[in-house]
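# Coordinate analysis (summary)
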Amino acid sequence: MIVHLSWRGAIVYNRTEIILEAYPYEFTDTVKGRGVYFCYCQDGSRKVLKEFSGSGTKAGLLDQFLRFLKERKWTAEQIVYTKEGQVLFTDTDDTRYYMRTWFEGRECDTRNREDILCAVRRLAQFHIEAEGFKEELPQGMSRRPDFLQQEYLRHTRELHKVRNYIKAKKKRNKFETDFLKEYSYYLQQAEEATERLREMETLTPERFFGVCHGDYSHHNLLFTAQGPVIINFERFCRDAYISDFAHFFRKIMEKHNWNTGLGMDMIHAYDKARRLDTWELKQLGVRMSYPEKFWKVANHYFNSKKSWANSRDGEKLEKICAQEKERAEFLKIMDYFVHG
């Protein structure tokens, strides 16, 4: 076991090593990754150790869901129990951890069109499988039909707050000046998207809601020897299936300057694997029309040290504005595609 000497000379055990002792494996090495520890076992297998930000109930449901997928012959990571048969390990400071199986593979390449379309098809297939999971999720893991509308209302209030803060300043940096210049344009988009969501509330079909990944991105799809594998289900929840697709779709479209051809190919790829209803397509259009990136930049600026002229925020704002023509064009085509 790895040990360290404290400044007083007392032996202090490495926390990771102590946690690993709770599991029924002989570990030969650990490598720290992006928020996780990759653990190498003596039997040749590999595991992932990660902090778990959730309740024991959520962890138990996650374990149930992953085992459900395995029973359906779906290649999915599995939670590794401790020696005492527990899903979570709780450290002395009450921090929770969980261990899961690990797949060797590469992440989805956002520059590769075939990777992107494969990721979309795999998501659609996952949603079809997830329909069979009948375990009821608690309220904290189930998003109400008006969840997104309430989120957009909150984001719009935050935009107002940022605008008011900047207007009250006597001296403004370039980012603040540019933000005020663009504010009215993006505020109108935010208000229109929120109103469209409100109008759709009464038409929300229950059948388009179910277990979602909750954070589907290119980081969470691996191409392995077993085929494409979705990983990192910690944020799984009950929501509209289109929420997973929209999250992935927006990220890819931003990286590809709102390329209309790619966008329509992604929609067709998902639709071919799992039929998209008109309601879902309208939802996708509304979600893309909300100026989420503009809000994110404003939110980051407001929650950072505003006395600093953050050049990164300024660069992001410039990029958003530079892409707006292509984004607006895509939204027009999307609207025509849905409504004819």
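All chains use their own residue numbering, which begins from 1 and follows the written sequence. Predicted model: local features are reported for residues with pLDDT of at least 70 only, side-chain atom pairs are reported and counted for 80 or more only, and whole-chain, interface and lining totals are derived from all residues. To get the side-chain values, all heavy atoms of the structure are used, and hydrogens and water are removed first.

### Re the overall build of the protein
- Labels follow the DSSP assignment, with helices taken as runs of H or I lasting at least four residues and strands as runs of E lasting at least two, numbered in each case from the N terminus. Looking only at helices and strands, one finds 10 helices and 13 strands in the protein.
- Dimensions of the protein along its principal axes, counting C-alpha atoms only, are 60 × 55 × 40 Å.
- Relative accessibility thresholds used throughout: buried, under 20% of the residue-type maximum; exposed, over 50%; partly exposed, between the two (1.4 Å probe, protein chains only). Buried residues in the protein amount to 47% of all 340 residues.
- Whether two residues are in contact is decided by their heavy atoms: any pair within 4.5 Å suffices. The contacts of the protein with a sequence gap of at least 6 include a subset with a gap of at least 24, amounting to 70%.
- Surface accessibility follows the Shrake-Rupley procedure with a 1.4 Å probe radius. Residue values consider only the protein chains on display as shielding. Put simply, the protein shows about 18,400 Å² of open surface, and 48% of that area lies on carbon and sulfur atoms.
- One way to put it: in the protein the 57 positive side-chain charges average out to a point 4 Å from where the 51 negative ones average out. In this tally, Lys and Arg are treated as positive and Asp and Glu as negative; His is ignored, and so are the chain termini. Throughout, a charge is located at the NZ atom of Lys, the CZ atom of Arg, the CG atom of Asp or the CD atom of Glu.

### Quick word on the environment of Gln42
- Note that Gln42 resides in the loop between strand S4 (36–41) and strand S5 (46–51).
- On the basis of relative accessible area, Gln42 is assigned to the exposed category, the value being 61%.
- Put simply, Gln42 and Thr28 are 14 residues apart on the chain and 5.8 Å apart in space, counted from C-alpha to C-alpha.
- If sequence neighbours within four positions are ignored, Gln42 has contacts with Glu26 and Thr28.

### With respect to the sheet that holds strand S12 (residues 227–230)
- One open sheet accounts for three strands, arranged S9-S11-S12; its pairing is antiparallel. Each edge of the open sheet is held by one strand with a lone partner, namely strand S9 (105–107) and S12. Sheet twist, expressed as the average angle between the axes of neighbouring strands with direction ignored, equals 35°.
- One bridge is not enough; two strands pair if DSSP finds at least two bridges between them. Across four bridges, the pairing between strand S11 (residues 221–224) and S12 is antiparallel. Across the sheet, the residue bridging to Leu221 is Ile230, located in S12. The axes used here are C-alpha line fits, helices contributing only the stretch in contact, and every angle between their N-to-C directions lies in the interval 0 to 180 degrees.

### Here we look at the nonpolar core
- In this text, buried Ala, Val, Leu, Ile, Met, Phe, Trp, Tyr and Cys residues form a nonpolar core when linked through side-chain atoms within 4.5 Å. Of all hydrophobic cores here, the largest spans 85 residues; its most connected members are Phe65, Phe179, Phe245 and Met266.
- Residues within four places of Phe65 in sequence aside, it is in contact with Phe126, Ala130, Phe133, Val211, Phe233 and Phe236.
- Ranked by size, the runner-up nonpolar core spans 12 residues in total, among them Leu20, Tyr23, Cys41 and Leu49.

### Digging into the pattern of salt bridges
- The term salt bridge refers to a pairing of a side-chain nitrogen on Lys or Arg with a carboxyl oxygen on Asp or Glu at a separation within 4 Å. This structure, assessed with the given rule, holds 26 salt bridges.
- The residue Glu234 makes a salt bridge to Lys50 at a minimum N-O spacing of 2.5 Å. Taken as a pair, Glu234 in the loop between S12 and strand S13 (237–240) and Lys50 in strand S5 lie far apart in primary sequence, 184 residues in all.
- Taking relative accessible area as the criterion, Lys50 reaches 21% and is therefore assigned partly exposed.
- In this structure, Glu292 and Lys296 form a salt bridge, with 3.5 Å as the shortest nitrogen-oxygen distance. You can see Glu292 and its partner Lys296 sitting in helix H9 (residues 292–303), four residues apart, about one turn around the helix.
- Salt bridges sharing common partners tie together Lys174, Asp178 and Glu318.

### Topic: the confidence of the model for the protein
- Along the chain, pLDDT gives the predictor's confidence residue by residue, from 0 to 100. Of all residues in the protein, 94% attain a pLDDT of 70 or more, and the chain-wide mean is 91.
- When the criterion is pLDDT under 50, residues 1–12 qualifies, and its contacts beyond four places in sequence or with other chains add up to 16 contacts.

### Quick notes on helix H2 (residues 56–71)
- Residue count minus one, scaled by 1.5 Å, sets the expected span of a helix. In this model H2 runs 23 Å from its N-terminal to its C-terminal C-alpha over 16 residues, within 8% of the 22 Å that 1.5 Å per residue would give.
- When we look at burial in H2, the residues that qualify are Lys58, Ala59, Leu61, Leu62, Asp63, Phe65, Leu66, Phe68 and Leu69.
- For H2, the elements touching its buried residues are strand S6 (79–80), strand S8 (96–101), helix H3 (113–130) and strand S10 (209–212).

### A closer look at the packing of helix H5 (residues 174–200) against helix H10 (residues 311–339)
- Axis separation between H5 and H10 bottoms out at 10 Å; the angle between their running directions is 35°. Considering the relative orientation of H5 and H10, their crossing is left-handed. Along the contact surface, H5 presents Lys174, Phe175, Asp178, Phe179, Glu182, Tyr185, Tyr186 and Gln189, while H10 presents Asp313, Gly314, Leu317, Glu318, Ile320, Cys321, Glu324 and Arg327.
- Of the residues in the contact of H5 with H10, the class split is seven nonpolar, two polar and seven charged. In this scheme, a crossing is called left-handed if the near helix is turned counterclockwise away from the far one by less than a right angle; it is called right-handed if the turn is clockwise. Any residue that is not Ala, Val, Leu, Ile, Met, Phe, Trp, Tyr, Cys, Pro, Asp, Glu, Lys or Arg is counted as polar, Gly included; the first ten are nonpolar and the last four charged.

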